[in-house]
Amino acid sequence: MPKAYVFTRNGGPEVEALVEQDAPVPGPGHLLVAVRAAGVNPVDWKLRTGYTRPGSEPQSFPTVLGSEAAGVVRAIGPDAEGFAVGDEVFGNPVTGGYAEYTLLPAAVTAHKPAGLSFTDAAALPVAAATAYDGVRQLAPAPGSTLLVTGAGGGVGNAVLQLAHHAGVRVIGAASAAKKDFVESLGAVHVESGAGLADRVRAAAPDGIDAIFDLVGGDTLREVAPLLADPAALISAAGKPLAVELGGAAVARARTAAVLDAVADLVVTGALRTHVTRTYPLTEAGEALRAVESGHARGKTVIEVGA
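This section reports on the structure supplied with the text. (Residues numbered from 1 in each chain as written. Predicted model: local features only at pLDDT ≥ 70, side-chain atom pairs only at ≥ 80, totals over all residues. Heavy atoms only, no water.)

Considerations on the overall build of the protein
If you tally the helices and strands in the protein, you get 10 helices and 16 strands. The C-alpha radius of gyration of the protein comes to 19 Å, within 12% of the 19 Å expected for a compact globule of 306 residues. Split into buried and exposed, the 306 residues of the protein put 52% on the buried side. Across the protein, contacts joining residues at least 24 apart in sequence account for 66% of those joining residues at least 6 apart. When the accessible surface of the protein is totalled, it reaches about 12900 Å², and 53% of it is carbon and sulfur. A gap of 3 Å separates the mean positions of the 23 positive and 31 negative side-chain charges of the protein. (Helix = DSSP H or I, 4+ residues; strand = E, 2+ residues; numbered from the N terminus. Rg over C-alpha atoms; globule rule 2.2 N^0.38 Å. Buried < 20%, exposed > 50% of the residue type's maximum accessible area, 1.4 Å probe, protein only. Contact = heavy atoms within 4.5 Å. Areas by Shrake-Rupley, 256 points an atom, 1.4 Å probe, with all protein chains shown as cover. Lys, Arg positive; Asp, Glu negative; His and termini not counted. Charge placed at Lys NZ, Arg CZ, Asp CG, Glu CD.)

The following block contains the structure:
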């Protein structure tokens, strides 16, 4: 019977389990996909603790973890157009990605290019797509200066690359351990933590033009006053606080067109996924712990055997 990594109620790691369960049945607009890889993201453990996405249905248990996946279409539900059995695809699953089988919504699922691995494709629907949407939202001008907090993680490293590719001077706030990684992506590293605003001022004496926040909380409060125009602030981690400070939440497009665009950037070499650690499905808990610790560098992916 197919395996899946689930949480059985809201709580900490103790509520997680690798279980056997029937493959989901594709309903209208859905694709049944044999998962080959699933990205690991902070939102995964946040959902386990009880966080609910705005507009989503209440959680039912057991719930399969995982918000992005890549794999092969095995069955097609009614009204799911544009796909055939055997197609290689990636997107945001509706039944969780840490599993041997999941459902993807056809309307916002993309075909995986032949030159893109399943592992890299699974790193795109949340992290890279969030970065892509946010950079487009800010639309920083070439030569301007962008501050990115949480620069060493999955979303952050993609933001650094996309902004640098657009000719923007990027300052990446991350731990000292991630200094070399941040600088390898074309950014100026500043150490995160208390006193961050002063270190940013030293690195950018002429000021900064925009902020892409991926931390929220006290970090966001500290750096927001660095902007002359609060509207040039967006956040994916402290959305209500960003609005309170005069900025905005990252506006997610959540379209197949965005997935196509980020996949093309990877294939052409303009964007690297920086998958720095992979785990088998049997070690999904360890993969999630690595991300939940906040110390993971780049992107973590669970690989599911063919």
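Comments concerning empty space enclosed by the protein
By the definition in use, this model includes two cavities of 30 Å³ or more. By volume, the largest cavity amounts to about 60 Å³. What lines the largest cavity is simply Ala123, Leu124, Ala127, Ala128, Gly154, Asn157, Ala158, Leu271, Arg272, Thr273 and Lys299. Elements supplying a minimum of two residues to the lining of the largest cavity: helix H3 (124-138) and helix H4 (154-165). Partitioning the lining of the largest cavity into residue classes produces six nonpolar, three polar and two charged. (1 Å grid on protein atoms, 1.4 Å probe; cavity = no way out; pocket = protein on both sides within 12 Å on 5 of 7 lines; lining within 4 Å. Points joined across faces, edges and corners; volume = space filled by probe spheres on them. Nonpolar A, V, L, I, M, F, W, Y, C, P; charged D, E, K, R; others polar.)

Examining the nonpolar core
Within the largest apolar cluster, 68 residues are counted, with the highest numbers of intra-cluster contacts made by Leu146, Leu147, Val148, Ile208 and Phe212. Counting residues per element, this core draws most heavily on H3, which supplies eight residues. Not counting residues within four places of it along the chain, the set of residues in contact with isoleucine 208 comprises Thr145, Leu147, Ile171, Val200, Leu226 and Leu227. Counting residues in each nonpolar core, the second largest holds 17 residues, with Val35, Val40, Leu288 and Val291 among its members. (Core = buried A, V, L, I, M, F, W, Y, C linked by side-chain atoms within 4.5 Å.)

Some remarks on the pattern of salt bridges
Tallied over the full model, the rule gives 11 salt bridges. Two residues, lysine 299 and glutamate 68, come together in a salt bridge whose shortest N-O distance is 2.4 Å. With lysine 299 in strand S16 (residues 299-303) and glutamate 68 in strand S5 (residues 68-76), the pair connects residues that are 231 residues apart, well separated along the chain. Judged on exposure class, the residue lysine 299 and its partner glutamate 68 are both buried. Close ionic contact of aspartate 133 with arginine 252 constitutes a salt bridge, the shortest N to O distance being 2.8 Å. Of the two residues, aspartate 133 is situated in helix H3 and arginine 252 in the loop between strand S14 (248-249) and helix H9 (256-267); the sequence distance between them amounts to 119 residues. What emerges from the salt-bridge pattern is a single network uniting Glu16, Arg48, Arg289 and Glu292. (Salt bridge = Lys/Arg side-chain N within 4 Å of Asp/Glu carboxyl O.)

A closer look at the packing of aromatic side chains
The final tally for this structure, using the stated rule, is one aromatic pair. We note lysine 112 situated over the ring of phenylalanine 118; from NZ or CZ to the ring centre the distance is 4.7 Å. (Phe/Tyr/Trp six-rings, centres within 6.5 Å; stacked < 30°, edge-to-face > 60°. Lys NZ or Arg CZ within 6 Å of the ring centre and 35° of its normal.)

A few points about the packing of H3 against H4
Between H3 and H4, the shortest axis-to-axis distance is 8 Å and the interhelical angle comes to 45°. Between H3 and H4, the angle falls in the class oblique. The handedness of the crossing between H3 and H4 comes out as right-handed. Along the contact surface, H3 presents Ala127, Ala128, Thr130, Ala131, Tyr132 and Val135, while H4 presents Gly154, Val155, Ala158, Val159 and Leu162. (Axes fitted to C-alpha atoms, helices over the stretch in contact; angles between N-to-C directions. Parallel < 35°, antiparallel > 145°, perpendicular 65-115°, else oblique. Left-handed = near helix turned anticlockwise from the far one by under 90°.)

Structural notes on the sheet that holds strand S4 (residues 63-64)
In spatial order, the strands read S2-S1-S4; together these three strands make up an open sheet with antiparallel pairing. Both outer strands of the open sheet, strand S2 (16-20) and S4, are each paired with one neighbouring strand and no more. As judged from the five bridges shared by strand S1 (residues 3-7) and S2, these two strands associate in the antiparallel manner. The residue bridging alanine 4 from the neighbouring strand is valine 19, located in S2. (Pairing = 2+ DSSP bridges.)

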